[in-house]
Amino acid sequence: MKKILSYAKPYKWQAMLGPLFKLLEATFELLVPFVVAAIIDNGIATRDRSYVVWACAILAGFGLFGFIFAVAAQYFSARTATGMSAGIRRDLFKKIQSLSYKDIDKMGEATMLTRMTGDVDKLQTGVNLFLRLFLRSPFIVFGAMLCSLAYGWTPFGIFAVVIGVLAIVVYAVMLLCMPLYKKTQSKLDDVLLSTRENLSGARVLRAFCKEDSEREIFNRRNEKLNDGRKFVGGIAAITNPLTYALLNLGIIWLLWTGAIHVDGGLLSQGAVVALYNLMGQILIELIKLANLIVTVAKAAASGSRIEAVLNMQPSLQIVETEENERAKDEPFIVFDNVSARYTEGGDAALENVTFSVSRGETVGVIGGTGSGKTTLVNLIPHFYDVSEGQVRIDGVNVQNKDKQFYLRERIGVVPQKAQLFKGTIRENLLWGRADATDEELMSAAKLAQAEDVILGKGGLDAPVEQGGKNFSGGQKQRLTIARALVRNPEILILDDSSSALDYATDAALRKDVKTLKTTTFIVAQRASSVRDADKIIVLDDGKAVGIGTHDELMQTCEVYREIYFSQYKDEEGGAAV
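A brief structural summary. (Residues numbered from 1 in each chain as written. Predicted model: local features only at pLDDT ≥ 70, side-chain atom pairs only at ≥ 80, totals over all residues. Heavy atoms only, no water.)

Thoughts on the overall build of the chain
A count of helical and extended segments in the chain gives 21 helices and 12 strands. On C-alpha atoms alone, the chain measures out to a radius of gyration of 35 Å, which is more than a quarter above the 25 Å that the 2.2 N^0.38 rule sets for 577 residues. Overall, the C-alpha framework of the chain stretches about 120 × 55 × 45 Å when taken along its three principal axes. Total accessible area on the chain stands at roughly 29,400 Å², and carbon and sulfur atoms take up 58% of it. Looking at the chain, you have 65 positive and 64 negative side-chain charges, and the mean spots of the two groups are 8 Å apart. (Helix = DSSP H or I, 4+ residues; strand = E, 2+ residues; numbered from the N terminus. Rg over C-alpha atoms; globule rule 2.2 N^0.38 Å. Areas by Shrake-Rupley, 256 points an atom, 1.4 Å probe, with all protein chains shown as cover. Lys, Arg positive; Asp, Glu negative; His and termini not counted. Charge placed at Lys NZ, Arg CZ, Asp CG, Glu CD.)

Spelled out as structure tokens, the structure:
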């Protein structure tokens, strides 16, 4: 938890002032029983009304100052807790952004969302409560025990025994609950995963009539979470009644002993009432302390989960490349015996792929589903690591430490899944280049065949709903292509980005992109999309089984011919099936 606690450093004064004001409030509370005892013994017993009024005024003053100190303590504690949570959320978001695709895939989106929301909220609540009670409750408990010493060793011994037994009970409950809370919180990830999958895949779910089966899966996961929480909640729930029972036994013991001492003239009636009040304060504070321990146990479990993410190191390998280590006089992009795996010891997504690309060439990448097409193009901007070999651009390994940001600034990527963000069309296109003018945005849209989409929606300031839900699949694809073209990239990667476009629009797009002075990678399922490429890479089960032009591959590559003939009626390229 060291990393989590470091977020309190900017608020160290607030973190000290909160407990300090709580101690001041607690001091006045400890003085109240003595004033009450004085009222009984010196005011009521002697029927001195002025004394009673004067003592009541003192009690009212204690209440006023206690209220002021309590508000101040709450203010400083809340500032510390909210400030810490804001800093943690900021760094969590930053950390998630720094993680590789592999890291994100491994942890899962639902888990990361839980860390950012539920876990941070629990931590904030725990910190706030801890700052207000971690000194106050023990101070009153042990302060009340010491105050009892003013009335003799016998009351002090009763207080010491009761507090000792209660401390053992609370500590035992804490030891049992903390690991259980960690297990319970992990089950929440499964519930959130089901919820997220069902919301994002609602259309598919209903199309395949899977509502009942998904409901069963959700109910099963929810029941596990419920059972876990009930079990740990049941253990935690023992604390309050057990505390009440033990303290009430202590109060009975105290009153019985006090009555004997009053009869013997060793204690006054006011003293017995004061001791009873002190024991009542202990009861209240121990209940608060028990709840504090439960809350802090939850917060500690959440803090450990948050810290696990903050301590994650991005798995992308970064290397130092000296000037004399750079490959000279080689083509613009080189794949040098490249292999890639998504998991250690897993099957290779790519295996021993070697090819080179000159500046300005158009490269088609084609193959069956799962052949490694997306993996290949994701290695160019270093979204994943190679397991063997090198990918070099301008003679420099893409893993070079000093070139990471500059590398991606030179590349325009259009992923398989077209993704738009809530805002306007203009704001989405400006992701490509923040200083682009409206003319440049519309020029890129024209090249991407998206000009009619923008005009049809009312212009660049037309709203975009979350995920681009107010656009069709083809419209989203064209806008994401336009966003990449706004950057004027040296390398353009179109990862099956025309799958929702008709043949005419796809052909017009390829024709316009061909006019650009950019090195273009076109990943496609259609042979027509890559037919005119300067170079076509044919992948099969992660291996490059053919590299060449369309005509060359028709003569030399059986896999390419199978793909081509499955889409065309005859070898001459007649009408598409």
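Let's pick the thread back up.
Quick notes on unusual backbone geometry
In the Ramachandran plot, H382 falls in the positive-phi region, its phi being about 60 degrees despite a non-glycine side chain. Tracing the sequence through the fold places H382 in the loop between helix 12 (373-378) and strand 4 (388-393). Unlike most non-glycine residues, D496 shows phi in positive territory, near 50 degrees. Residue position: D496 is located in the loop between strand 9 (491-495) and helix 18 (503-514).

A short note on a negative patch on the surface
On the surface, D347, D540, D541 and E562 cluster together to form a negatively charged patch. Structurally, D540 is set in strand 11 (residues 535-540). (Patch = residues over 30% accessible without salt bridge, like charges linked within 9 Å, V, L, I, M, F, W, Y side chains within 5 Å. Salt bridge = Lys/Arg side-chain N within 4 Å of Asp/Glu carboxyl O.)

Here we look at the nonpolar core
Counting residues in hydrophobic clusters, the biggest one holds 43 residues, and the most contacted among them are I366, I425, I454, L479, I536 and Y560. The leading source of residues in this core is helix 17 (residues 473-486), at 6 residues. Excluding anything up to four places from it in sequence, I366 contacts K373, A524, Q525, R526, A527, V530, I536, I537, V538, L539, Y560 and I563. With 33 residues, the next largest nonpolar core counts Y151, A271, L286 and L292 among its residues. (Core = buried A, V, L, I, M, F, W, Y, C linked by side-chain atoms within 4.5 Å. Buried < 20%, exposed > 50% of the residue type's maximum accessible area, 1.4 Å probe, protein only. Contact = heavy atoms within 4.5 Å.)

Observations concerning the pairing of strand 9
Of all 5 residues in strand 9, 5 are buried; the element is thus mostly enclosed. Burial along strand 9 is two-sided: I491, I493 and D495 facing one way and L492 and L494 facing the other are all buried. In terms of strand pairing, strand 6 (residues 411-414) meets strand 9 through 4 bridges, oriented parallel. Note that in strand 9 the partner of G412 across the bridge is L492. The pairing of strand 9 with strand 10 (residues 519-524) spans 5 bridges and is classified as parallel. Of the residues in strand 10, the one forming a bridge with L494 is I522. What joins strand 9 to strand 10 is helix 18, and the crossover it makes is right-handed. (Pairing = 2+ DSSP bridges. Right-handed = clockwise from strand over helix to strand, strands pointing away.)

Here's the deal with helix 15 (residues 438-447)
Taken together, the buried positions of helix 15 are L441, M442, A444 and A445. The arc that holds the buried residues of helix 15, viewed along the axis, is 160 degrees, so those residues lie on one side. For helix 15, the exposed residues set more than 90 degrees away from the buried face come down to E439 and K446. Looking at the buried residues of helix 15, the elements they touch are helix 14 (425-429), helix 16 (451-457) and helix 17. Count one or two residues on from helix 15 and you reach Q449, which has phi positive near 60 degrees. (Arc of directions from axis to C-beta.)

With respect to the packing of aromatic side chains
As enumerated under the stated definition, the model contains 11 aromatic pairs in all. Aromatic pair F28 and F69: ring centres 5.9 Å apart, planes at 20 degrees, arrangement stacked. In this pair, F28 sits in helix 2 (residues 12-44) while F69 sits in helix 3 (residues 49-98), placing the two residues 41 residues apart along the sequence. We note that F28, like F69, is buried. A centroid spacing of 5.2 Å and a plane angle of 70 degrees characterise the contact between Y75 and F76, whose relative ring orientation is edge-to-face. Following the ring pairs from residue to residue traces out a cluster consisting of F21, F28, F62, F65, F69, Y75 and F76. (Phe/Tyr/Trp six-rings, centres within 6.5 Å; stacked < 30°, edge-to-face > 60°.)

Here we look at the sheet that holds strand 3 (residues 362-367)
If you walk across this open sheet you meet the 6 strands as 6-9-10-3-11-12, and the pairing is mixed. Strand pairing shows two members of the sheet lacking a second neighbour, strand 6 and strand 12 (543-548), which therefore form its edges. Neighbouring strand axes in the sheet, compared pairwise and without regard to direction, differ in orientation by 15 degrees on average. Strands strand 3, strand 11 and strand 12 of the sheet are contacted by helix 21 (residues 558-567), whose axis makes an angle of about 95 degrees with strand 11. (Axes fitted to C-alpha atoms, helices over the stretch in contact; angles between N-to-C directions.)

Looking at the side chain of S339
One can find S339 in strand 1 (residues 333-340). Within polar-contact distance, the side chain of S339 engages the backbone nitrogen of N352 at 2.9 Å. Non-local contacts of S339, meaning those with residues more than four positions away in its chain, are made with L350, E351, N352, V386, S387 and E388. (Polar contact = N/O pair within 3.5 Å; in protein donor to acceptor, adjacent residues only side chain to side chain.)

Purely spatial values, then, with no claim about function.
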